[in-house]
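Observations on the three-dimensional arrangement
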Amino acid sequence: MTDKSKKTIRILFPQWQGGNQALYGFGARLLHWLSPESRSPLHTISVPEFNPDTPEPEEGLLYRRQLLSQHDEAWAVLEKEEPDHIVVFGGDCLVDQAPFAWMNARHNGEMGVLWIDSHPDVKTPRDFTNGHTMVLGNLLGGGDPEFASKVKTPVAPSRVMYAGLIEEGLTEQESSVISDLGLQIARPEELYENSDRITRWIKEQNICKLAVHLDLDVLNPDVFRSLLFAEPEPEFDWQAVYPVGKLNLTQTLRIIRDVSAETEIVIIGITEHLPWDAWNLKEFLKKLPVMNE
């Protein structure tokens, strides 16, 4: 039962610059449209329209100034509203930095983080130019130094667990970060039938407040198609380079419901929704004769 004394806000954060892909913004808005109706106030972060002309990286990061500005706008919303619970409709994964960092500071660094993702998100600007690959690193005090400096209370490594991470696709740098920090991993095959690996961690760490990052690319693109790795007729073969998710929606829902029975989920951020069919149909309709008269 929902505690009516607690304040929940929703944040629509249609950020695309962290992944440099037009569909991130469209996917965030569609996520919000699909979500259940709520009396919780909605705050929409200002994000400019997609720019197909990719600029040069700024200190190793694409769209650095825009991303920082959007982060700061989200942080200002949180400071003003002081919510107990937050729902984030993203956008690329970097949208979760401000709410996760803000909430962890509110709970004196004791918040747990369940990172449901097939990728670790601990790169640095030396490794890649897309900011969405660095967000968990930033929250842990690494990643991009400028973004990490905005995290008032870094997340404790012992209070982070990956769910659905594909270890076979890790780079040497990613493996090193995970190993050095001792980050816990619940592999996809450990989660097909139950969530025990995660609920044991919650109990062992005595996690009373939990933030859940749900990157939809943890899902198997053979059964869920609104993902980067399910792009129809791609110019670039994503699946040949990056590991793809192995979970399905039923398993993912069970994981989140199971952890909710063990601890209080204070944030859920849903990211990386790329609805190719809806986008392509939208573009198709724009070009039909008579449709636009």
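We now turn to the structure provided with this report. Every value quoted in this text rests on a predicted model; they were computed, and no experiment measured them.

The strand order E2-E1-E3-E8-E7-E4-E5-E6 describes an open sheet built from eight strands, whose pairing is parallel. The open sheet has two free edges, formed respectively by strand E2 (42-44) and strand E6 (184-186), since each of these has just one partner strand. Along the sheet, successive strands turn relative to each other by an average axial angle of 20°, direction set aside. Strand direction decides the pairing type here: strand E4 (residues 112-116) and strand E5 (residues 160-163), joined by four bridges, are parallel. Its bridge partner being in E5, isoleucine 116 is matched across the sheet by alanine 163. Along the sheet, helix H2 (residues 64-81) contacts strand E1 (8-13), E2 and strand E3 (85-90); its crossing angle with E1, the most-contacted strand, is approximately 165°.

Turning our eyes to something else, we now look at the layout of surface pockets. Where empty space is left becomes clear once a probe the size of a water molecule has been rolled over the atoms. Roughly 1,300 Å³ of volume is contained in the largest pocket. Looking at the largest pocket, it is lined by 39 residues, and the ones nearest its centre are Arg10, Pro36, Val87, Ile265 and Ile268. Within the lining of the largest pocket, the residues separate by chemical class into 20 nonpolar, ten polar and nine charged. If you add up the space inside the second largest pocket, you get close to 500 Å³.

The subject of this paragraph is the packing of helix H1 (residues 23-34) against helix H10 (residues 276-286). Between H1 and H10, whose axes approach to 10 Å, the crossing angle comes to 105°. Looking at the two axes, H1 sits roughly perpendicular to H10. Side by side, H1 and H10 meet where Leu23, Phe26 and Leu30 of the first sit next to Trp276, Ala278, Trp279 and Lys282 of the second. In terms of residue class, the contact of H1 with H10 is built from six nonpolar, no polar and one charged.

Calculation rules
- Residues numbered from 1 in each chain as written.
- Predicted model: local features only at pLDDT ≥ 70, side-chain atom pairs only at ≥ 80, totals over all residues.
- Heavy atoms only, no water.
- Pairing = 2+ DSSP bridges.
- Helix = DSSP H or I, 4+ residues; strand = E, 2+ residues; numbered from the N terminus.
- Axes fitted to C-alpha atoms, helices over the stretch in contact; angles between N-to-C directions.
- Contact = heavy atoms within 4.5 Å.
- 1 Å grid on protein atoms, 1.4 Å probe; cavity = no way out; pocket = protein on both sides within 12 Å on 5 of 7 lines; lining within 4 Å.
- Points joined across faces, edges and corners; volume = space filled by probe spheres on them.
- Nonpolar A, V, L, I, M, F, W, Y, C, P; charged D, E, K, R; others polar.
- Parallel < 35°, antiparallel > 145°, perpendicular 65-115°, else oblique.

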